[in-house]
Amino acid sequence: AQRVTQPEKLLSVFKGAPVELKCNYSYSGSPELFWYVQYSRQRLQLLLRHISRESIKGFTADLNKGETSFHLKKPFAQEEDSAMYYCALKRTYNTDKLIFGTGTRLQVFP
Amino acid sequence: EPEVTQTPSHQVTQMGQEVILRCVPISNHLYFYWYRQILGQKVEFLVSFYNNEISEKSEIFDDQFSVERPDGSNFTLKIRSTKLEDSAMYFCASSEFGQSTYNSPLHFGNGTRLTVT
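Just so you know, these numbers come straight off a predicted model, no measurement behind them. (Residues numbered from 1 in each chain as written. Chains lettered and ligands numbered in written order. Predicted model: local features only at pLDDT ≥ 70, side-chain atom pairs only at ≥ 80, totals over all residues. Heavy atoms only, no water.)

A. The arrangement of the overall build of chain A in detail. Helix and strand counts for chain A come out as 0 helices and 11 strands. Reading chain A from its N terminus to its C terminus gives the helix and strand order β-β-β-β-β-β-β-β-β-β-β. Here the C-alpha radius of gyration of chain A, 13 Å, is about what a compact globule of 110 residues would show, namely 13 Å. If you line up chain A on its principal axes, its C-alpha atoms span 45 × 30 × 25 Å. Here chain A holds 110 residues, and the buried ones make up 47% of them. (Helix = DSSP H or I, 4+ residues; strand = E, 2+ residues; numbered from the N terminus. Rg over C-alpha atoms; globule rule 2.2 N^0.38 Å. Buried < 20%, exposed > 50% of the residue type's maximum accessible area, 1.4 Å probe, protein only.)

Here it is, written out as C-alpha coordinates:
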(Lines give C-alpha, C1' and ligand atoms only; values in the text may rest on other atoms or scores of the structure.)
Protein backbone atom coordinates (compact mmCIF):
# COMPACT_ATOMS: atom_id res chain seq x y z
CA ALA A 1 0.00 0.00 0.00
CA GLN A 2 1.14 3.53 -0.65
CA ARG A 3 2.16 5.60 2.35
CA VAL A 4 3.66 9.02 3.02
CA THR A 5 5.67 9.67 6.16
CA GLN A 6 6.54 13.07 7.54
CA PRO A 7 8.58 12.29 10.64
CA GLU A 8 8.55 15.75 12.19
CA LYS A 9 5.34 17.22 13.59
CA LEU A 10 7.03 20.53 14.33
CA LEU A 11 10.13 22.21 12.97
CA SER A 12 11.28 25.48 14.51
CA VAL A 13 13.99 27.62 13.01
CA PHE A 14 15.13 31.23 13.13
CA LYS A 15 14.72 33.59 10.22
CA GLY A 16 17.55 33.16 7.73
CA ALA A 17 18.30 29.58 8.74
CA PRO A 18 18.07 26.73 6.23
CA VAL A 19 14.97 24.57 6.32
CA GLU A 20 14.46 20.96 5.34
CA LEU A 21 11.06 19.35 5.77
CA LYS A 22 11.35 15.61 5.42
CA CYS A 23 9.04 13.40 3.41
CA ASN A 24 9.47 9.70 2.73
CA TYR A 25 7.12 7.55 0.75
CA SER A 26 6.47 3.90 0.07
CA TYR A 27 5.24 2.91 -3.35
CA SER A 28 6.57 0.23 -5.63
CA GLY A 29 5.91 2.15 -8.86
CA SER A 30 6.89 5.63 -10.03
CA PRO A 31 5.00 8.13 -7.95
CA GLU A 32 4.05 11.73 -8.46
CA LEU A 33 4.90 13.79 -5.41
CA PHE A 34 3.50 17.10 -4.23
CA TRP A 35 3.93 19.58 -1.41
CA TYR A 36 0.81 21.37 -0.21
CA VAL A 37 0.90 24.24 2.28
CA GLN A 38 -1.67 25.72 4.65
CA TYR A 39 -0.92 29.17 6.02
CA SER A 40 -2.74 30.35 9.13
CA ARG A 41 -6.45 30.88 8.46
CA GLN A 42 -6.01 30.02 4.78
CA ARG A 43 -6.93 27.03 2.71
CA LEU A 44 -4.71 24.17 1.71
CA GLN A 45 -2.93 25.02 -1.54
CA LEU A 46 -0.38 23.46 -3.85
CA LEU A 47 3.18 24.64 -3.25
CA LEU A 48 5.01 22.52 -5.80
CA ARG A 49 5.07 19.17 -7.55
CA HIS A 50 8.13 17.18 -8.45
CA ILE A 51 7.32 16.96 -12.14
CA SER A 52 7.56 20.72 -12.57
CA ARG A 53 11.07 20.91 -11.08
CA GLU A 54 10.58 24.56 -10.22
CA SER A 55 11.29 26.72 -7.22
CA ILE A 56 8.27 28.31 -5.56
CA LYS A 57 8.75 30.99 -2.88
CA GLY A 58 12.37 29.85 -2.68
CA PHE A 59 11.40 26.25 -1.91
CA THR A 60 12.66 23.28 -3.91
CA ALA A 61 12.12 19.57 -3.60
CA ASP A 62 13.94 16.77 -5.40
CA LEU A 63 12.53 13.32 -5.84
CA ASN A 64 15.11 10.76 -4.73
CA LYS A 65 13.86 7.37 -5.85
CA GLY A 66 16.78 5.54 -4.25
CA GLU A 67 15.94 6.93 -0.82
CA THR A 68 12.19 7.19 -1.59
CA SER A 69 12.25 10.77 -0.38
CA PHE A 70 10.91 14.13 -1.47
CA HIS A 71 12.29 16.56 1.08
CA LEU A 72 11.32 20.22 0.89
CA LYS A 73 14.18 22.68 1.23
CA LYS A 74 14.74 26.38 1.48
CA PRO A 75 18.16 27.93 2.07
CA PHE A 76 16.97 30.96 4.07
CA ALA A 77 13.68 30.73 5.95
CA GLN A 78 11.40 33.77 6.25
CA GLU A 79 8.78 34.44 8.93
CA GLU A 80 6.04 34.26 6.31
CA ASP A 81 7.03 30.65 5.63
CA SER A 82 5.44 29.66 8.94
CA ALA A 83 2.68 27.23 8.00
CA MET A 84 1.59 23.62 7.93
CA TYR A 85 3.27 21.64 5.13
CA TYR A 86 1.85 18.41 3.74
CA CYS A 87 3.64 16.00 1.45
CA ALA A 88 1.35 14.01 -0.87
CA LEU A 89 1.72 11.13 -3.30
CA LYS A 90 -0.23 9.96 -6.30
CA ARG A 91 0.16 6.76 -8.23
CA THR A 92 1.07 7.53 -11.80
CA TYR A 93 -1.83 5.69 -13.36
CA ASN A 94 -5.56 5.36 -13.16
CA THR A 95 -6.24 7.55 -10.13
CA ASP A 96 -6.74 11.15 -9.06
CA LYS A 97 -6.44 10.28 -5.37
CA LEU A 98 -3.74 11.99 -3.33
CA ILE A 99 -2.29 10.27 -0.28
CA PHE A 100 -1.19 12.81 2.30
CA GLY A 101 1.32 12.68 5.10
CA THR A 102 0.43 13.89 8.58
CA GLY A 103 2.03 17.27 7.99
CA THR A 104 4.85 19.27 9.54
CA ARG A 105 4.28 22.60 11.20
CA LEU A 106 7.10 25.01 10.35
CA GLN A 107 7.64 27.87 12.78
CA VAL A 108 10.07 30.57 11.74
CA PHE A 109 11.08 32.87 14.58
CA PRO A 110 12.32 36.42 13.99
CA GLU B 1 -9.26 34.66 -7.94
CA PRO B 2 -12.06 32.06 -7.96
CA GLU B 3 -12.33 29.89 -4.86
CA VAL B 4 -14.03 26.71 -3.72
CA THR B 5 -16.64 27.62 -1.12
CA GLN B 6 -17.99 25.32 1.55
CA THR B 7 -20.98 25.71 3.83
CA PRO B 8 -21.49 25.58 6.70
CA SER B 9 -18.10 26.25 8.28
CA HIS B 10 -19.14 24.29 11.37
CA GLN B 11 -21.91 21.73 11.73
CA VAL B 12 -22.92 20.08 14.98
CA THR B 13 -25.20 17.07 14.75
CA GLN B 14 -26.39 14.24 16.94
CA MET B 15 -25.32 10.68 16.36
CA GLY B 16 -27.64 8.93 13.94
CA GLN B 17 -28.74 12.12 12.18
CA GLU B 18 -28.26 12.78 8.51
CA VAL B 19 -25.98 15.63 7.52
CA ILE B 20 -25.33 17.30 4.17
CA LEU B 21 -22.14 19.23 3.57
CA ARG B 22 -22.23 21.65 0.69
CA CYS B 23 -19.57 22.82 -1.71
CA VAL B 24 -19.47 25.11 -4.71
CA PRO B 25 -16.45 24.15 -6.83
CA ILE B 26 -14.70 26.55 -9.17
CA SER B 27 -16.99 27.02 -12.15
CA ASN B 28 -14.83 25.69 -15.00
CA HIS B 29 -13.52 22.73 -13.03
CA LEU B 30 -14.51 19.22 -14.04
CA TYR B 31 -13.17 17.06 -11.21
CA PHE B 32 -14.51 17.20 -7.67
CA TYR B 33 -13.29 15.61 -4.48
CA TRP B 34 -14.02 15.19 -0.81
CA TYR B 35 -11.23 14.70 1.72
CA ARG B 36 -11.45 14.65 5.49
CA GLN B 37 -9.08 15.21 8.37
CA ILE B 38 -9.79 13.81 11.80
CA LEU B 39 -8.19 16.01 14.45
CA GLY B 40 -4.48 15.31 14.68
CA GLN B 41 -4.49 12.88 11.80
CA LYS B 42 -3.71 13.01 8.11
CA VAL B 43 -5.87 14.39 5.33
CA GLU B 44 -7.64 11.34 3.87
CA PHE B 45 -9.21 10.89 0.47
CA LEU B 46 -12.90 10.01 0.47
CA VAL B 47 -14.16 10.23 -3.09
CA SER B 48 -13.57 11.72 -6.52
CA PHE B 49 -16.34 12.64 -8.93
CA TYR B 50 -16.19 13.29 -12.65
CA ASN B 51 -18.75 13.44 -15.41
CA ASN B 52 -21.61 13.07 -12.92
CA GLU B 53 -20.39 9.86 -11.40
CA ILE B 54 -18.01 8.62 -8.76
CA SER B 55 -14.66 7.85 -10.36
CA GLU B 56 -12.94 6.54 -7.25
CA LYS B 57 -13.74 6.08 -3.57
CA SER B 58 -11.84 4.97 -0.51
CA GLU B 59 -12.75 2.26 1.96
CA ILE B 60 -13.94 5.00 4.31
CA PHE B 61 -16.63 5.95 1.81
CA ASP B 62 -19.11 3.22 2.72
CA ASP B 63 -22.87 3.01 2.17
CA GLN B 64 -23.45 5.75 4.73
CA PHE B 65 -21.82 8.27 2.41
CA SER B 66 -23.09 9.62 -0.87
CA VAL B 67 -22.22 12.51 -3.17
CA GLU B 68 -24.33 14.44 -5.56
CA ARG B 69 -24.09 17.29 -8.00
CA PRO B 70 -27.74 18.34 -7.92
CA ASP B 71 -27.33 21.30 -10.27
CA GLY B 72 -24.57 22.93 -12.27
CA SER B 73 -22.83 24.49 -9.31
CA ASN B 74 -23.21 22.56 -6.06
CA PHE B 75 -21.43 19.39 -4.98
CA THR B 76 -22.70 17.77 -1.80
CA LEU B 77 -21.54 15.10 0.60
CA LYS B 78 -24.28 13.34 2.56
CA ILE B 79 -23.70 11.19 5.59
CA ARG B 80 -26.87 9.21 6.14
CA SER B 81 -26.54 8.24 9.81
CA THR B 82 -23.64 9.97 11.50
CA LYS B 83 -21.35 8.25 13.98
CA LEU B 84 -19.08 9.78 16.58
CA GLU B 85 -16.06 8.80 14.49
CA ASP B 86 -17.34 10.89 11.58
CA SER B 87 -16.31 14.00 13.52
CA ALA B 88 -13.66 15.64 11.35
CA MET B 89 -12.87 18.55 9.07
CA TYR B 90 -14.30 17.80 5.64
CA PHE B 91 -12.58 19.43 2.68
CA CYS B 92 -14.08 19.81 -0.74
CA ALA B 93 -11.67 20.28 -3.64
CA SER B 94 -11.91 20.72 -7.36
CA SER B 95 -9.51 20.67 -10.27
CA GLU B 96 -9.79 21.68 -13.89
CA PHE B 97 -8.46 18.34 -15.09
CA GLY B 98 -7.41 15.08 -13.50
CA GLN B 99 -4.37 14.92 -11.26
CA SER B 100 -2.23 13.34 -13.97
CA THR B 101 -2.47 16.51 -16.03
CA TYR B 102 0.35 18.93 -15.55
CA ASN B 103 -0.69 22.14 -13.84
CA SER B 104 -4.05 20.95 -12.62
CA PRO B 105 -3.68 21.41 -8.87
CA LEU B 106 -6.36 20.66 -6.33
CA HIS B 107 -8.13 23.81 -5.15
CA PHE B 108 -9.42 23.25 -1.65
CA GLY B 109 -12.25 24.89 0.21
CA ASN B 110 -11.85 26.14 3.77
CA GLY B 111 -13.50 23.03 5.12
CA THR B 112 -16.55 22.19 7.20
CA ARG B 113 -15.88 21.11 10.75
CA LEU B 114 -18.37 18.36 11.57
CA THR B 115 -18.93 17.56 15.23
CA VAL B 116 -21.05 14.52 16.03
CA THR B 117 -22.28 14.38 19.62
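B. Spotlight on the overall build of chain B. Counting secondary structure elements, chain B contains 0 helices and 11 strands. The C-alpha radius of gyration of chain B comes to 13 Å, within 12% of the 13 Å expected for a compact globule of 117 residues. Along the longest, intermediate and shortest principal axes, the C-alpha atoms of chain B span 40 × 30 × 25 Å. Taken across its 117 residues, chain B has 45% of its residues classed as buried. Counting contacts in chain B only where the partners sit at least 6 residues apart, residues at least 24 apart contribute 55% of the total. (Contact = heavy atoms within 4.5 Å.)

C. Main features of the pattern of salt bridges. Tallying each qualifying case throughout the model produces 7 salt bridges over all chains. When the shortest N-O distance is used, the salt bridge between E20(A) and K22(A) registers 3.1 Å. For E3(B), the salt bridge is made with R43(A), and the minimal N-O distance between the two is 3.4 Å. Taken as a pair, E3(B) in the segment before strand 1 (5–7) and R43(A) in the loop between strand 5 (32–38) and strand 6 (45–49) lie in two separate chains rather than in one. Bridged by salt links that share partners, the residues E20(A), K22(A) and K73(A) form one connected network. (Salt bridge = Lys/Arg side-chain N within 4 Å of Asp/Glu carboxyl O.)

D. Summary view of the interface of chain A and chain B. Listed by partner, the interface residues are 22 residues for chain A and 22 residues for chain B. Considering only the surface of chain A that becomes buried against chain B, R43(A), D96(A) and F100(A) emerge as the three largest contributors, covering 36% of it. Where chain A packs against chain B, one counts 1 salt bridge. Here chain A and chain B share 7 residue pairs in polar contact (both at pLDDT 80 or more) between them. Only strand 5, strand 6 and strand 9 (83–90) of chain A provide two or more residues apiece to the side of chain A that touches chain B. If one sorts the elements of the side of chain A that touches chain B by residue count, strand 5 of chain A sits on top with 3 residues. (Buried area = accessible area lost by both parts, 1.4 Å probe. Polar contact = N/O pair within 3.5 Å; in protein donor to acceptor, adjacent residues only side chain to side chain.)

E. Spotlight on the sheet that holds strand 7 (residues 60–61) of chain A. All names here are of chain A. Reading across from one edge, 3-8-7 is the order of the 3 strands in this open sheet, with antiparallel pairing throughout. Since the sheet does not close on itself, it has two edges, and those belong to strand 3 (19–21) and strand 7, each with one partner. Pairing of strand 7 with strand 8 (residues 72–74) involves 2 bridges; the strand directions are antiparallel. Opposite A61, over in strand 8, you have L72 as the bridge partner. (Pairing = 2+ DSSP bridges.)

F. A look at the sheet that holds strand 8 (residues 75–79) of chain B. Residue and element names in this part refer to chain B. A sheet is described by the order of its strands in space; here 4 strands give the open sequence 1-3-8-7, paired in antiparallel fashion. In this open sheet, the two strands that pair with only one neighbour each are strand 1 and strand 7 (65–68). In this sheet, adjacent strand axes meet at a mean angle of 20 degrees when their direction is disregarded. The sheet contact formed by strand 1 and strand 3 (residues 19–24) spans 3 bridges and is antiparallel. Bridging across to strand 3, T7 finds its partner in R22. (Axes fitted to C-alpha atoms, helices over the stretch in contact; angles between N-to-C directions.)

G. Structural context of the state of the cysteines. One pass over the structure, following the stated rule, counts 2 disulfides over all chains. Here C23(A) pairs with C87(A) through a disulfide, and the sulfurs are 2.0 Å apart. The disulfide joining C23(A) to C87(A) has a torsion of about -65 degrees about its S-S bond and is therefore left-handed. Of the two residues, C23(A) sits in the loop between strand 3 and strand 4 (24–26) while C87(A) sits in strand 9, which places them 64 residues apart along the sequence. C87(A) carries the same exposure label as C23(A), and that label is buried. Paired by a disulfide, C23(B) and C92(B) hold their sulfur atoms 1.9 Å apart. Here C23(B) and C92(B) share a disulfide; its torsion about the S-S bond, -65 degrees, makes the bridge left-handed. Here C23(B) is found in strand 3, whereas its partner C92(B) is found in strand 9 (residues 88–95), with 69 residues between them in sequence. (Disulfide = S-S within 2.5 Å.)

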